[in-house]
Amino acid sequence: MLKLALSLMKISTIGLGGGYGMLPLMEEELVRKLKMLKEEEFLDIVAKAQSFPGPIAVNTAILLGRMKAGILGSIICSISIVLPPFFSILLIALMFEKVEKYSIVRNFMFGARLGVTIIIINYSLELIKRIIKSRVILGILIAGAVVIVFFKISAFLVFLIIASIVFFKATNREEKR
Amino acid sequence: MKAIDLFFCFMKIGFLAFGGGYGALSMIQNEVVGVHGWMTNPEFLDLLSISQMTPGPIAINSATYIGYKIAGFSGAVLSTIGVILPSFMWMYFISFIIERILRNPRRLLNALRMSIIAPILAAGMNLTLSTVNDLISFILALLLLTLLRSKKLSLIQFILVAGGLGIMVKTF
């Protein structure tokens, strides 16, 4: 358990690029190096972590901990994965406040903001390509996004409404067969 | 108390953040910029660039950073706890309830995963509207989109290049 907690800390200290960037590191460390769990077990955990809400790295840590030591394991593992980024981001927030006023930093951020915007746009396009197979659902999603942006309706509400439409549509189709 | 507001706000976000980090981000943008007005869109984007370039899950990094910006250290702690608590609730309670009452829980989870695209797309549109506001930023955005889609760079390298281009465009 202690070994697991320490390796999770190590992974989240070096794991750049968000949760998805950390998964291959976890696999390398926990499955290949420490042989704590089998390849299939790890893939099962990741699949489950992905289908529930929340940061995927945290969900994976909770499930890994549960497998080894129940709820206590989950708590220890999620703290291990959260602590390193918590302190590094605090430090960076402090530093950023100091350098924000320099024009070179501001110009860098001008480009970086555009870059991040493009990343999000591109990510939604990729998701659509990968998991949306029906034109009707695509239409509903675009309409939903427009409603959120231009009519300032809560994203939570729109999300839940769309989810129930998609869910009942899938259920109906299944029953007709 | 702002720190307590942050806690409940991030719990709500964590509870419905399907689709990993980006799903969470879309909800965070909507709540923190849109509903509460705690931050502006450019500030939110600064935070995203920073969390993308630092280690750790982006949703956690954002929660910590926003919490700190708005209510100091206690804000950072409460926001971070707030965003991960719902994961526990899902893994330990709700997943069992769903598996009990639904014949096919996959279908519900799939519907939720599809639907999260709407908020993500909305966040993308919203941020585009606030960053792309003249010819220079429009051209730069198209250039960056082409660069990103060529898949030659990791996301961190991509943001560094984007920032470099920003410095070039603004200086010369």
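Keep in mind that this is a model prediction, so the values were computed, not measured.

**Q** Outline the domain arrangement of chain A, listing residues and values.
**A** Parsing chain A into structural domains produces domain 1 (2-99) and domain 2 (103-176). A straight line from the C-alpha centre of domain 1 of chain A to that of domain 2 of chain A covers 27 Å.

**Q** Can you break down the interface of chain B and chain A residue by residue, with the values?
**A** Every contact between the two is made by 86 residues of chain B and, on the other side, 74 residues of chain A. When residues of the side of chain B that touches chain A are traced back to their parent elements, those giving at least two are α1 (2-16), α2 (20-35), α3 (41-53), α4 (58-101), α5 (105-115), α6 (117-131), α7 (135-149) and α8 (155-171) of chain B. The greatest single-element share of the side of chain B that touches chain A, amounting to 18 residues, is contributed by α4(B). Of the residues assigned to the side of chain B that touches chain A, the class counts are 53 nonpolar, 27 polar and six charged.

**Q** Outline the domain arrangement of chain B, listing residues and values.
**A** All names here are of chain B. As far as domains go, chain B holds domain 1 (2-131) and domain 2 (133-172). Once you take the C-alpha centre of each, domain 1 and domain 2 turn out to be 26 Å apart. Between domain 1 and domain 2, the residue contacts involve four residues of the former and four residues of the latter. Examining the composition of the side of domain 1 that touches domain 2, we find that three residues originate from one element, α3, more than from any other.

Reading guide: rules and limits
- Residues numbered from 1 in each chain as written.
- Chains lettered and ligands numbered in written order.
- Predicted model: local features only at pLDDT ≥ 70, side-chain atom pairs only at ≥ 80, totals over all residues.
- Domains from an automatic or database assignment.
- Contact = placed C-beta atoms within 7 Å.
- Helix = DSSP H or I, 4+ residues; strand = E, 2+ residues; numbered from the N terminus.
- Nonpolar A, V, L, I, M, F, W, Y, C, P; charged D, E, K, R; others polar.

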